[in-house]
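Understanding the architecture of this molecule
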Amino acid sequence: MTSDGGRPPTDEERFGGVVEAYAELTRRVLAGPARLGRTRLVAVDGPSGAGKSRFAAHLADALAALAGGARPPVVHTDDLLDGWDDQLTFWPRLDEWVLSPLREGKPGAYRRYSWVRQCFLPRPVPVPAAPVLILEGVSAARAVVRPELTLAVFVTAPASLRLARAVARDGPEILPELRRWHVGERAHFDADDTATRVDLVVDGAPTLPHDADRYYVRVR
């Protein structure tokens, strides 16, 4: 089978994506400008269950390998939510505890929310003013922070798979809250136009064969 013009189809045409190396993406990040003080802020956004945490972890590992072991901090927005109802309104807390200090070249710190105890834990989690900070979670690449991002990534996957992943991870008892969460995130992404504003869209459930520890599949 050939594509238009008689040439063989590309991987992007056959599988809907292209395999790219985390190592190359790390070079792109480090070559980019630091827009949050001295820190290059990378946002990994996308709906719940899409594979954001996995992508962020592999990118952090690749950055550590390139830098000789200095792994960049990864902040998960779920750790800053004051429960399910704080899905999008947590941002002032993130800005006060983490982003504002980094703008001034100072370390930040936040208190992690315990979803079991339903409160913020007393021990602060330090966030150094490192060369790179990875911010992972729903709305991480929202419009208000885009001017300070070195790279914005949106990870996507089919809704049925995302739901199954979340239930497998957290149990079926979360289904009522999860369905409400999905409505909220869809409304946010539509209003924010996130997926068309990012630098990179990644397939969180690719069919294209690849080594998932070293490579990811770019959709756009």
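What comes next is a walk through the structure. (Residues numbered from 1 in each chain as written. Predicted model: local features only at pLDDT ≥ 70, side-chain atom pairs only at ≥ 80, totals over all residues. Heavy atoms only, no water.)

Before going further, it helps to spend a moment on unusual backbone geometry. At Gln118, a residue that is not glycine, the phi angle is positive and equals roughly 60°. A residue is classified by how much of its surface remains accessible, and Gln118, at 61% relative accessible area, is exposed. A positive phi angle, close to 80°, is found at Ser139, a residue other than glycine. Note that Ser139 resides in the loop between strand 6 (132-136) and strand 7 (149-156). Ser139 gets classed as buried once you look at its relative accessible area, which sits at 0%. (Buried < 20%, exposed > 50% of the residue type's maximum accessible area, 1.4 Å probe, protein only. Helix = DSSP H or I, 4+ residues; strand = E, 2+ residues; numbered from the N terminus.)

All right, on to helix 4 (residues 91-103) then. Along its 13 residues, helix 4 runs just 15 Å from first to last C-alpha, ending more than 12% under the 18 Å computed at 1.5 Å per residue. Along helix 4, the sharpest kink reaches roughly 35°, centred on Trp97 and followed within four residues by the proline Pro101. When we look at burial in helix 4, the residues that qualify are Trp91, Leu94, Val98, Leu99, Pro101 and Leu102. Check the buried side of helix 4 and you find it contacts strand 2 (40-45), strand 3 (74-76), strand 4 (108-114), strand 5 (119-127) and strand 6. Once helix 4 finishes, Gly105 follows within two positions and takes phi at roughly 75°, a positive value. (Expected span 1.5 Å × (residues − 1). Bend = angle between axes of the 7 residues up to and from the residue. Contact = heavy atoms within 4.5 Å.)

Contact geometry of helix 2 (residues 22-31) with helix 3 (residues 52-66) gives a least axis separation of 9 Å together with a crossing angle of 75°. The orientation of helix 2 relative to helix 3 falls into the category roughly perpendicular. For the pair helix 2 and helix 3, the contacting residues are Tyr22, Ala23, Leu25, Thr26, Arg27 and Leu30 in the first and Phe55, His58, Leu59, Ala62, Leu63 and Leu66 in the second. Taken together, the residues of the contact of helix 2 with helix 3 break down into 9 nonpolar, 2 polar and 1 charged. (Axes fitted to C-alpha atoms, helices over the stretch in contact; angles between N-to-C directions. Parallel < 35°, antiparallel > 145°, perpendicular 65-115°, else oblique. Nonpolar A, V, L, I, M, F, W, Y, C, P; charged D, E, K, R; others polar.)

Here we take up the environment of Ala164. Position of Ala164 among the secondary structure elements: in helix 5 (residues 159-170). It is 8.2 Å that separates the C-alpha atoms of Ala164 and Gly49, two residues lying 115 residues apart in sequence.

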